[in-house]
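# Coordinate inspection notes
Below, each chain spelled out in residue letters.
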Amino acid sequence: MAKLNLNRQPMPEQDHKERARNFKEVTLGYSLETALAEAERCIICPKPACVKGCPVNVPIPDFIKALRENDLPGAAKALKSKNNLPSICGRVCPQESQCEALCVVGKKGAPIAIGRLERYVGDWELRRMEENPSVPAKPTPTGKRVAVVGAGPSGLTAAADLARLGHSVTIFEALHKPGGVLIYGIPEFRLPKSIVGAEVDYVRSLGVEIVVDSVIGRTVTVDELLDEEGFDVVFLGTGAGLPNFMGIPGENLNGVYSANEFLTRANLMKAYAFPEADTPIKRSKRVAVVGGGNVAMDAVRTALRLGAEEASIVYRRSEEELPARREEFEHAKDEGIVFRFLTNPVEILGDKGWVVGMKCLEMELGEPDASGRRRPVIKPGSEFVLDVDAVIMAIGTSPNPLVTRTTRGLELNRHGTVVADPETGKSSKDKVWAGGDIVTGAATVISAMGAGKRAALSIHEFLMMEPRINADRSG
Amino acid sequence: MYRILEREDLTDTIHVFKIDAPAVAKRAKPGQFVILRVAEDGERIPLTIADFDRKAGTITVVFMEVGKTTMQMAKLGVGDSLANFAGPLGLPTEVEKFGRVVVVGGGFGVATTYPIARAMKEAGNEVITIMGARTKDLLIWEDMMRSASHELIVCTDDGSYGRKGLVTAPLKEMLEDDCRIDRVVAIGPAIMMKFVALTSQPFGVPTVVSLNPLMVDGTGLCGACRVSVDGVTKFACVDGPDFDGHKVDWDLLLARQKIFVEEEKISLEHWRHHESCECSKAKA
């Protein structure tokens, strides 16, 4: 056996100075040579730990083994047996805390770059499908109809799995484009929209119908979908919801945005191309983003690319507690993002209705709080004013009430999220399942996909317990 | 795609489209709005529903040419389609038997008071409508408003038709004459709604206004439409658009409506330039 290579193949990236001013993808992806070399490092464990770390249980050693035998169709098939959206997951999954965290090779050196290999195989498959579009084999129709609310990660995943099992699936999407957070939230430089579009097309090719401009709770309610529109079950994947604000003075000044608004303008509405695209965005000079998660990183890096002279993160805890992925933090630092740790805003200052500064306090870390992280406490007499002309709030979201308020008998927890069985996604309401951020609160793309997968399985079991109505249609 | 079935030009710049949108028409109620996009890469703009026909599956919207998107929309005719049309959004206007209701409409906002006046009348209220415009040529839907009201008062700022003066003058007279008013509903430019609310406030008459802040998605996602009501931040798209006019922070609304004034000019110039190029190309 060859000696274990402890170092992973590096990921080529756009130069950090150049990319800070454009919206093109930061990481460029492996070539076939580097992908094969990286795959060669995998020891193909007979009892793979990595698979346990994957919320959708991708048979990781199987796809890597096929890849290193240069059997790309086989690799793609293994990958897609569990993951309908590999090119997306290969880019945005936090592999370092999931599959790669459990990699056996990682105990001695760098874990296998599973995410990068997934991206390589996913992208290869997308190119193959583009060059040689083939209609996937249609399963025997079950005659059952499923309504999926929301075309984000959980909805697309549940829809794809249910369509592959022969159910007739319709996704209702409120916005004019499917993708959910993949389209409105995650920027082009991290997840190109052409990739999202191609993965959505794949879901459509399985027979899933996607109806846009359809705001469930307004255009039609969940009860009407079940009682009047003839759907057998409904899956709710409505996403994270309404942006939170801090509740400090000055938050409604012109120049204060939620991260959702800022990113929706830039991504979904393509405001970076204004005036070629109609939706405007302010090209502010000194932008502060409040928060430390991935959404905050996306917002601050977008502000920089829109031409900010200084784009900074204002976070009340320290670097150690930063919830963003390490890779996003490193990329942001390389690009010149300023990090103001242990800093908490208390007021946004305005002049003639516009932001001119943000009053902040310095913090220091005290005793651990309920989350186990050391609680930030105010450093006395530390008040100072940050010179900014725009502030973006990236401090989380609260569930959107449009669906929950208009659905009878849907149990919610005290935060307003839907109560659902963690194993099956079944809600308290008959024939209704839920998954993704509407159940968990803001979480990751892959955890939403995992929830969509588990719900699809549970929905399938439920539907197949009932007598088949249109079984003869398939004959 | 959402086809335009009928078009009517009320003035040079105010137009009525009847749109084929059965899913929206099915549940539309007075006071709700839609978000539409004219074309791909277009912005999402909110328009209040001016009328709906559940049987025919149509929604009527009235719009005024004020910027790039509305001017681009005005170039469309019967048979053309809008790229997107989502709704009905927002909460419907509260309609019940209040007694005597004064409906105040200004500019092209008059059109959006129509289904509300009609519903108030159907609910058994005595409906007095005050409608106004800058000048006679900008008055719209007078006959329709007359049919939806028990009494109609028309005002123009310049006195070219009806009473000379602002819509607040007849409202103030009614309130001062102590002719018991149970509710005021005002829809129009923010500045008009502000002064209607200020007029009725000393008399303690509940006054409902339909706020028109900037919006992007219109479903609660972005928070661009936040307004302050009674000192609390609300999202007009999901919590409104109707609010208690006496509790609205009007100056905040007026300031937030102006966030993108410069960009709106750039967008319009860019489009006009593009249009003129397209025309010259077509001619050549």
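Everything quoted here is computed from the prediction, not taken from an experiment.

### Some remarks on the sheet that holds strand β4 (residues 233-236) of chain A
All names here are of chain A. What the 5 strands build is an open sheet, ordered β3-β2-β1-β4-β16; its pairing is parallel. For this open sheet the edge positions go to β3 (209-211) and β16 (432-434), each flanked by a neighbour on one side alone. Averaged over all adjacent pairs, the angle separating strand axes in this sheet is 20°, with direction ignored. Here strand β1 (residues 145-149) runs beside β4; their pairing, made up of 4 bridges, is parallel. If you follow Val 146 over to β4, its bridge partner there is Val 233.

### Some details on the environment of Thr 221 of chain A
Locating Thr 221 of chain A in the fold gives a position in the loop between β3 and α10 (222-227). For Thr 221 of chain A, a relative accessible area of 8% gives the class buried. Sequence separation of Thr 221 of chain A and Arg 405 of chain A is 184 residues, and the distance between their C-alpha atoms is 9.9 Å. What Thr 221 of chain A contacts, discounting residues up to four positions off in sequence, is Ile 216 and Thr 406 of chain A together with Arg 27 of chain B.

### Concerning the confidence of the model for chain A
Confidence in the prediction of chain A, expressed as mean pLDDT, is 93, and 97% of residues score 70 or more. Counting contacts from residues 470-475 of chain A, a segment whose pLDDT is below 50, to residues more than four positions away or on other chains yields 4 contacts.

### Overview of the environment of Asp 239 of chain B
Looking at where Asp 239 of chain B falls in the secondary structure, it is placed in helix α7 (residues 236-239). When sequence neighbours within four positions are dropped, the list of residues in contact with Asp 239 of chain B reads Leu 91 and Lys 234 of chain B.

### Points about the packing of helix α2 (residues 32-41) of chain A against helix α3 (residues 60-68) of chain A
Two quantities define a packed helix pair, namely the angle between the helix axes and the distance between the axes. Residue and element names in this part refer to chain A. Between α2 and α3, the least distance of the axes is 9 Å, while the angle of their chain directions is 130°. Judged by the inter-axis angle, α2 sits oblique to α3. At the point where α2 passes α3, the crossing takes the left-handed sense. On α3, the residues touching Ala 35, Leu 36, Ala 39 and Glu 40 of α2 are Ile 64, Leu 67 and Arg 68. Partitioning the contact of α2 with α3 into residue classes produces 5 nonpolar, no polar and 2 charged.

### Quick notes on the pairing of β1 of chain A
All names here are of chain A. With 4 of its 5 residues buried, β1 lies for the most part within the structure. Looking at chain direction, β1 and strand β2 (residues 168-172) are connected through 5 bridges and run parallel. Pairing of Val 149 across the sheet is with Phe 172, part of β2. The parallel pair β1 and β2 is bridged by helix α7 (residues 153-164), and the resulting crossover is right-handed.

### Concerning a nonpolar patch on the surface
All names here are of chain A. Side chains of Leu 4, Leu 6, Ile 43 and Val 104 sit close together on the surface and give an oily, nonpolar patch of about 260 Å² of accessible area. For Val 104, the position within the fold is in the loop between α5 (86-92) and α6 (114-131). Classification of Val 104 as partly exposed rests on a relative accessible area of 32%.

### Quick word on the interface of chain A and chain B
The interface of chain A with chain B comprises 45 residues on the first partner and 45 residues on the second. Contact between chain A and chain B buries roughly 3,800 Å² in total, counting both sides, with carbon and sulfur atoms accounting for 53%. On the surface where chain A and chain B come into contact, there are 6 salt bridges. With its nearest N and O atoms 3.0 Å apart, the salt bridge here joins Lys 270 of chain A to Asp 41 of chain B. Across the chain A-chain B interface, the total number found is 24 residue pairs in polar contact (both at pLDDT 80 or more). When residues of the side of chain A that touches chain B are traced back to their parent elements, those giving at least two are β5 (242-243), β6 (256-258) and α11 (259-266) of chain A. Looking at the side of chain A that touches chain B element by element, the count peaks at 4 residues for α11 of chain A. In terms of residue class, the side of chain A that touches chain B is built from 20 nonpolar, 12 polar and 13 charged.

### Some remarks on the nonpolar core
Ile 60, Phe 63, Ile 64, Leu 117, Val 121 and Leu 156 of chain A are the most contacted members of the largest nonpolar core, which totals 80 residues. Examining the composition of this core, we find that 8 residues originate from one element, helix α16 (residues 445-465) of chain A, more than from any other. Residue contacts for Ile 64 of chain A: discarding those within four places in its chain leaves Ala 39, Cys 42, Ile 44, Ile 112 and Leu 117 of chain A. Met 358 of chain A together with Ile 130, Met 174 and Val 227 of chain B belong to the second-largest nonpolar core, a separate cluster that totals 56 residues.

### Regarding the sheet that holds strand β9 (residues 338-340) of chain A
Residues and elements named next belong to chain A. Ordered by their spatial adjacency, 5 strands build an open sheet running β6-β14-β7-β8-β9, and the pairing between neighbours is parallel. With one partner strand each, in any of the chains shown, β6 and β9 form the two edges of the open sheet. Ignoring strand direction, the axes of neighbouring strands in this sheet form an average angle of 25°. Where strand β7 (residues 286-290) lies against strand β14 (residues 390-393), 4 bridges are found, and the strand directions are parallel. The residue of β14 that forms the bridge with Val 290 is Met 393.

### What to know about a negative patch on the surface
Residue and element names in this part refer to chain B. A contiguous patch of negative charge on the surface is contributed by Asp 12, Asp 137, Asp 157 and Asp 158. Along the polypeptide, Asp 12 turns up in the loop between β1 (2-9) and β2 (14-20). Classification of Asp 12 as exposed rests on a relative accessible area of 73%.

### What to know about the state of the cysteines
Residue and element names in this part refer to chain A. Under the definition given, this model contains 0 disulfides over all chains. Between Cys 50, a free cysteine, and Cys 103, which holds the nearest cysteine sulfur, the sulfur-to-sulfur gap is 6.6 Å. Taking the relative accessible area as the measure of exposure, Cys 50 reaches 10% and is therefore buried. As a non-bridged cysteine, Cys 93 has Cys 89 as the owner of its nearest cysteine sulfur, 4.1 Å distant. By relative accessible area, Cys 93 is classed as buried at 6%.

### A word on the pairing of strand β4 (residues 45-53) of chain B
Residues and elements named next belong to chain B. Sheet topology note: the strand β3 (residues 33-37)/β4 ladder contains 4 bridges and is antiparallel. In the sheet register, Phe 33 faces β4, and the bridge partner there is Thr 48. As judged from the 4 bridges shared by β4 and strand β5 (residues 58-64), these two strands associate in the antiparallel manner. Considered in β5, the bridge of Asp 51 is made with Thr 60. Hairpin connection, β4 to β5: the antiparallel pair is bridged by 4 residues, and Gly 57 has positive phi, about 70°.

Rules used throughout
- Residues numbered from 1 in each chain as written.
- Chains lettered and ligands numbered in written order.
- Predicted model: local features only at pLDDT ≥ 70, side-chain atom pairs only at ≥ 80, totals over all residues.
- Heavy atoms only, no water.
- Pairing = 2+ DSSP bridges.
- Helix = DSSP H or I, 4+ residues; strand = E, 2+ residues; numbered from the N terminus.
- Axes fitted to C-alpha atoms, helices over the stretch in contact; angles between N-to-C directions.
- Buried < 20%, exposed > 50% of the residue type's maximum accessible area, 1.4 Å probe, protein only.
- Contact = heavy atoms within 4.5 Å.
- pLDDT = per-residue confidence, 0-100.
- Parallel < 35°, antiparallel > 145°, perpendicular 65-115°, else oblique.
- Left-handed = near helix turned anticlockwise from the far one by under 90°.
- Nonpolar A, V, L, I, M, F, W, Y, C, P; charged D, E, K, R; others polar.
- Right-handed = clockwise from strand over helix to strand, strands pointing away.
- Patch = residues over 30% accessible without salt bridge, like charges linked within 9 Å, V, L, I, M, F, W, Y side chains within 5 Å.
- Areas by Shrake-Rupley, 256 points an atom, 1.4 Å probe, with all protein chains shown as cover.
- Salt bridge = Lys/Arg side-chain N within 4 Å of Asp/Glu carboxyl O.
- Buried area = accessible area lost by both parts, 1.4 Å probe.
- Polar contact = N/O pair within 3.5 Å; in protein donor to acceptor, adjacent residues only side chain to side chain.
- Core = buried A, V, L, I, M, F, W, Y, C linked by side-chain atoms within 4.5 Å.
- Lys, Arg positive; Asp, Glu negative; His and termini not counted.
- Charge placed at Lys NZ, Arg CZ, Asp CG, Glu CD.
- Disulfide = S-S within 2.5 Å.

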